[in-house]
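Here are the chains, one letter per residue:
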Amino acid sequence: MNYPNTLLATFLVRDNRFIARCLVDDQEVIVHVKNTGRGKELLHKGALVTLQYWDNPKRKTNYDLISVKKQDQWINIDSQVPNRLGYEGLLDGTIQLPNIKGRISLLRREVVYGTSKFDLYFETDEQEKGFLEIKGMTLENKQVGAFPDAPTIRGLKHVNELIHAKEAAYYAAVLFMIQFEAVQIATIHRQMQPDLAAKIAEAQSKGVEVFAYNCQVNQGMITVKEPIPFDLNVVFDDPNL
């Protein structure tokens, strides 16, 4: 996926979850942050960031903040892109669902099941039906990726609903889309949300698939790269805690 109309900027400060200020050619501009997570390890004063420019008078800002450079790698923080990458990756075969029966013959986005709306619903040519929930992962330390960077009630609810779907004979899975490249393993940030780690463990014990893919990222591009091992037993060392 390529982002048109991108430019480099220097991050200054985050006013709230949605708005930040950056420097573009020594001029301060207001930008929309496309991720409501905390992002403390990324969004610090002086960080090099990528903005996408929009010439649209109906917008409150002319810029979206889409990626941040951490040391020598770019990390995409666009919370909307993981769903798109997951959908397109399943269609073109870049992403493979673990232990799926047959080939996908139907793929739909945002399908309601129970009290949740899952990112993807699919059917295969061997009569398997299932749900996939996709979570973006932007938190990294020492090439360990972790989710979440802030407690997520919605994420906990989705995992619980996936367990119910699996018990009702559906295929059920969580895909962590790692929005950076340099990562060796993915896990749950147990210290940030221990109840989510416990729920993921319960889900895995009941047959819900949990897997991860990383991405190649640069200033204005992100593409799915390859599967990355997911291990719930790995302890994530968060330098911000």
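Fair warning: this is a prediction, and the values are worked out from it, not measured in the lab.

A. Quick look at the packing of aromatic side chains. Across all of its chains, the model carries 11 aromatic pairs by this definition. With 5.3 Å between their ring centres and 50 degrees between their planes, Tyr121 and Phe131 make a pair best called tilted. Residue Tyr121 is located in strand S8 (residues 116-124), and its partner Phe131 is located in strand S9 (residues 129-137); the two are separated by 10 residues in the primary sequence. Judged by its relative accessible area of 10%, Tyr121 falls in the buried class. Put simply, the rings of Tyr113, Phe118, Tyr121, Phe131 and Tyr170 pair up and form one aromatic cluster.

B. How the structure looks around the environment of Gln216. Mapped onto the elements of the fold, Gln216 is located in strand S14 (residues 209-218). Linking Gln216 and Ala20, residues 196 residues apart in sequence, is a C-alpha distance of 25 Å. Aside from chain neighbours lying at most four places away, what touches Gln216 is Glu181, Met221, Ile222, Thr223 and Lys225.

C. Spatial organisation of the sheet that holds strand S10 (residues 139-141). Spatial ordering of the open sheet is given by S10-S11-S13, a layout of 3 strands whose pairing is mixed. Edge positions in the open sheet fall to S10 and strand S13 (185-188), since each of these has one partner strand only. On average, each strand axis in the sheet is tilted by 30 degrees relative to the strand beside it, whichever way the strands run. Both strand S11 (residues 144-147) and S13 contribute to a ladder of 4 bridges, which runs parallel.

D. Molecular detail of the UniProt feature "domain: Sugar fermentation stimulation protein C-terminal" (unreviewed entry) in the protein. Per the UniProt record, the feature "domain: Sugar fermentation stimulation protein C-terminal" (unreviewed entry) sits at residues 80-219. Taken end to end, residues 80-219 comprises 28% helix and 41% strand; its first and last C-alpha atoms sit 17 Å apart.

E. Expanded view of the environment of Gly102. Mapped onto the elements, Gly102 comes out in the loop between helix H1 (81-92) and strand S7 (104-113). Excluding residues that lie within four positions of it along the chain, Gly102 makes contacts with Thr124, Asp125 and Glu126.

F. The arrangement of helix H2 (residues 153-167) in detail. Along its 15 residues, H2 runs 22 Å from first to last C-alpha, staying within 8% of the 21 Å computed at 1.5 Å per residue. Along H2, the residues that are buried comprise Gly155, His158, Val159, Glu161, Leu162, Ile163 and Ala165. For H2, the secondary structure elements touched by its buried residues are S7, S8, S9, strand S12 (171-178) and helix H3 (194-205). For H2, the capping residue at the N-terminal end is Thr152, with a side-chain oxygen 2.8 Å from the backbone nitrogen of Gly155. Of the residues trailing H2, Ala169 is marked for its positive phi of about 80 degrees.

G. How the structure looks around the environment of Asn214. If you trace the backbone, Asn214 turns up in strand S14. When the C-alpha atoms of Asn214 and Phe176 are compared, they prove to be 8.4 Å apart, with 38 residues separating the residues in sequence. Asn214 has contacts with Ile178, Phe180, Glu181, Val183, Thr223, Val224, Lys225, Glu226 and Ile228, leaving out every residue within four places of it along the chain.

H. Local environment of the pairing of S7. Pairing of S7 with S8 involves 8 bridges; the strand directions are antiparallel. In the sheet register, Arg108 faces S8, and the bridge partner there is Tyr121. In textbook terms, the turn of a hairpin is the stretch between consecutive antiparallel strands, and for S7 and S8 this stretch comprises 2 residues, one of which, Gly114, has a positive phi near 60 degrees.

I. Representation of the nonpolar core in the model. In this structure, Cys22, Leu51, Leu65, Phe176 and Ile188 are the most contacted members of the largest nonpolar core, which totals 46 residues. If near-sequence neighbours (up to four positions away) are discounted, Leu51 is found in contact with Asn5, Thr6, Leu7, Ala9, Cys22, Val24, Val29, Val31, Tyr63, Asp64 and Leu65.

J. The arrangement of the pairing of strand S1 (residues 6-14) in detail. In this sheet, strand S4 (residues 48-53) lies alongside S1 in antiparallel orientation, the contact comprising 5 bridges. Opposite Leu7, over in S4, you have Leu51 as the bridge partner. Direction of pairing for S1 relative to strand S2 (residues 19-24): antiparallel, over a ladder of 4 bridges. Paired with Val13 across the strands is Arg21, a residue of S2. Turn length for the S1-S2 hairpin, with the two strands adjacent in sequence and antiparallel, is 4 residues.

Rules of the game
Residues numbered from 1 in each chain as written. Predicted model: local features only at pLDDT ≥ 70, side-chain atom pairs only at ≥ 80, totals over all residues. Heavy atoms only, no water. Phe/Tyr/Trp six-rings, centres within 6.5 Å; stacked < 30°, edge-to-face > 60°. Helix = DSSP H or I, 4+ residues; strand = E, 2+ residues; numbered from the N terminus. Buried < 20%, exposed > 50% of the residue type's maximum accessible area, 1.4 Å probe, protein only. Contact = heavy atoms within 4.5 Å. Pairing = 2+ DSSP bridges. Axes fitted to C-alpha atoms, helices over the stretch in contact; angles between N-to-C directions. UniProt positions renumbered as here; feature names shortened; annotations may be inferred. Expected span 1.5 Å × (residues − 1). Polar contact = N/O pair within 3.5 Å; in protein donor to acceptor, adjacent residues only side chain to side chain. Core = buried A, V, L, I, M, F, W, Y, C linked by side-chain atoms within 4.5 Å.

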